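Tertiary structure, described
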Amino acid sequence: MEYTTLGQTGIRIPRLCIGGMSFGRVFPDFHQWVIDQEGTQAVIARALEFGVNFIDTANTYAHGTSEEFIGESLRNLGVEREDVVLASKVFFNEGHLSKEAINREIEGTLTRLGTDYLDLYIIHRFDYGTPIEETMEALDGLVKAGKVRALGASVMYGYQLHDMQAVADANGWTRFASMQNHYNLLYREDERELIPVAEQYGMSLTLYSPLASGHLTRPTWDSDSTRSTTDGTMRAKYDAGRELDMPVIERVAQVAERHGVPMADVALAWHWAKGVAAPIVGCSRPSRVDDAVRALDLELSAEDIELLEEAYQPHELVGPPARPGEKALAGTSTTQAPSRR
């Protein structure tokens, strides 16, 4: 396994991250494609065999049962706490990113994971209703208390990330070390502002949805998988761009055929070629871990990358919370965790 450093923290992470949105109990109002405790443990065990010890989840994934399943799996497998890098998130909860909410939600997350600290605590969205100073001071307090080793940010606008980092610097508080944003060959809008700001601050990109919810793994748009037929948020994120995206998908298939590999390998390899630290992959079974690790062996040429990228056309923004008074963007929710893989 290849490893890198999370931002400027000194925390060592593999070049892949296992996404916890695939884990948890099935609820009528949530994702129908999550896997149970036994399945979660099998995926984590296989990942650890490869040295993929970076696991990302959130306080609201499967109503908290994702965190519970991950914690139980690690205990059952006898994993030493220092041998795994655990990340979780906060925002889709009462109070969003207020001091009270952050201090409350970290305790729930730590309890469900069965640990005294997180390696990485990520704000799941930007909070228009809480002053930046209040959020950054509360997060810094978790670092000083030893409950969190590093901080990360997720979907937002570039100026918002810059403002939050500037506030941290002005007050001597802990900066964000990573950016978990929506980024793949079908959605590259963050190349305009958000990614350059993240790079300005030396942040690692630990992006989500690297395979565009499966659209970059097959030459056809539709699939009969449980997720494809039940995940309304996924359709909201991608279906509007179908006509724009099919030419890109055709290029991915072409490059995959040239190299004699599955399309998913090409989609993942493109991220590493773009400087991404660790794409977050959701795995529904252990063999999916094997697939993701295999992609590390693929090195794309400059010609490959040019072919993959030249068909891209600008898209409507997907993910960042709408400003107060604006219409909500596709794939965005202010009440529950949106589909993230």
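In what follows, the accompanying structure is described. (Residues numbered from 1 in each chain as written. Predicted model: local features only at pLDDT ≥ 70, side-chain atom pairs only at ≥ 80, totals over all residues. Heavy atoms only, no water.)

**Details of the nonpolar core**
Formed by 83 residues in total, the largest nonpolar core has its most connected members in Ile18, Tyr121, Leu161 and Phe176. Ranked by residues supplied to this core, first place goes to helix H10 (residues 263-273) with 7 residues. Contacts of Tyr121, omitting those with residues within four sequence positions, involve Ser88, Lys89, Val90, Ile102, Glu105, Ile106, Leu139, Leu142, Val148, Ala150, Leu151 and Gly152. (Core = buried A, V, L, I, M, F, W, Y, C linked by side-chain atoms within 4.5 Å. Buried < 20%, exposed > 50% of the residue type's maximum accessible area, 1.4 Å probe, protein only. Helix = DSSP H or I, 4+ residues; strand = E, 2+ residues; numbered from the N terminus. Contact = heavy atoms within 4.5 Å.)

**Some points on the packing of helix H3 (residues 99-113) against helix H4 (residues 132-144)**
Where H3 meets H4, the closest approach of the two axes is 9 Å, and the angle between their N-to-C directions is 30°. By the angle between their directions, the pair H3 and H4 is classed as roughly parallel. Crossing hand, H3 versus H4: right-handed. Taking contact as the criterion, the partners of Lys99, Ile102, Asn103 and Ile106 in H3 are, on H4, Glu134, Thr135, Ala138, Leu139 and Leu142. Its residues placed into classes, the contact of H3 with H4 shows 5 nonpolar, 2 polar and 2 charged. (Axes fitted to C-alpha atoms, helices over the stretch in contact; angles between N-to-C directions. Parallel < 35°, antiparallel > 145°, perpendicular 65-115°, else oblique. Left-handed = near helix turned anticlockwise from the far one by under 90°. Nonpolar A, V, L, I, M, F, W, Y, C, P; charged D, E, K, R; others polar.)

**Here we look at the environment of Arg175**
Along the polypeptide, Arg175 turns up in the loop between helix H5 (158-171) and strand E8 (176-179). Each C-alpha atom, one on Arg175 and one on Ala138, is 12 Å from the other, the two residues being 37 residues apart in sequence. For Arg175, the contacting residues outside a window of four places in its chain are Gln8, Leu151, Gln165, Ala168, Asp169 and Tyr201. A polar side-chain atom of Arg175 sits 2.7 Å from a polar atom in the side chain of Asp169. (Polar contact = N/O pair within 3.5 Å; in protein donor to acceptor, adjacent residues only side chain to side chain.)

**Digging into the environment of Phe126**
Summarising the element assignment, Phe126 is placed in the loop between strand E6 (118-125) and H4. A relative accessible area of 9% means that Phe126 is categorised as buried. When neighbours within four sequence positions are excluded, Phe126 is seen to be in contact with Phe91, Ile132, Val155, Met156, Gln160, Met164 and Pro321.

**Quick look at the pairing of strand E5 (residues 85-90)**
In terms of residue burial, E5 counts as a mostly covered element, since 6 of its 6 residues are buried. Burial of the side chains of E5 extends over both faces: Val85, Ala87 and Lys89 are buried on one face and Leu86, Ser88 and Val90 on the other. Relative to E5, strand E4 (residues 54-56) runs parallel, the two sharing 3 bridges. Residue pairing across strands places Asp56 opposite Ala87, the latter belonging to E5. Note on the crossover from E4 through helix H2 (residues 65-76) to E5: the handedness is right-handed. (Pairing = 2+ DSSP bridges. Right-handed = clockwise from strand over helix to strand, strands pointing away.)

**With respect to unusual backbone geometry**
You will see that His96, though not glycine, has its phi angle at about 50°, which is positive. Inspection of the secondary structure assignment puts His96 in the loop between E5 and H3. On the basis of relative accessible area, His96 is assigned to the partly exposed category, the value being 25%. Of note, the phi angle at Ser213 is positive, near 55°, even though the residue is not glycine. Along the chain, Ser213 falls in the loop between strand E9 (204-205) and helix H7 (226-230). Note on Ser213: relative accessible area 9%, which makes it buried.

**Topic: the pattern of salt bridges**
Applying the stated criterion across every chain yields a total of 20 salt bridges. Residues Lys144 and Asp140 are paired through a salt bridge, measuring 2.3 Å at the closest nitrogen-oxygen approach. In this pair, Lys144 and Asp140 are both assigned in helix H4, 4 residues apart and thus about one turn of the helix distant. The partner of Asp169 in a salt bridge is Arg175, and the shortest N-O contact between them spans 2.7 Å. By relative accessible area, Arg175 is classed as partly exposed at 31%. Taken together, the shared-partner salt bridges in this structure form one network comprising Arg188, Glu191, Lys274 and Glu309. (Salt bridge = Lys/Arg side-chain N within 4 Å of Asp/Glu carboxyl O.)

**Focus on the sheet that holds strand E7 (residues 148-155)**
In a beta sheet, neighbouring strands pair by backbone hydrogen bonds and run either parallel or antiparallel. The sheet built from 8 strands is open, its strands ordered E9-E8-E7-E6-E5-E4-E3-E10 with parallel pairing. Both outer strands of the open sheet, E9 and strand E10 (280-281), are each paired with one neighbouring strand and no more. Two elements, strand E3 (residues 17-19) and E10, share 2 bridges in a ladder whose sense is parallel. The partner of Ile18 across the bridge, within E10, is Val281. This element, H5, spans E6, E7 and E8 of the sheet and lies at about 165° to E8.

**Quick notes on the state of the cysteines**
This structure, assessed with the given rule, holds 0 disulfides. Unpaired in terms of disulfides, Cys17 finds its nearest cysteine sulfur in Cys283, a separation of 10.0 Å. (Disulfide = S-S within 2.5 Å.)

Functional significance is not addressed by these values, which are geometric in nature.
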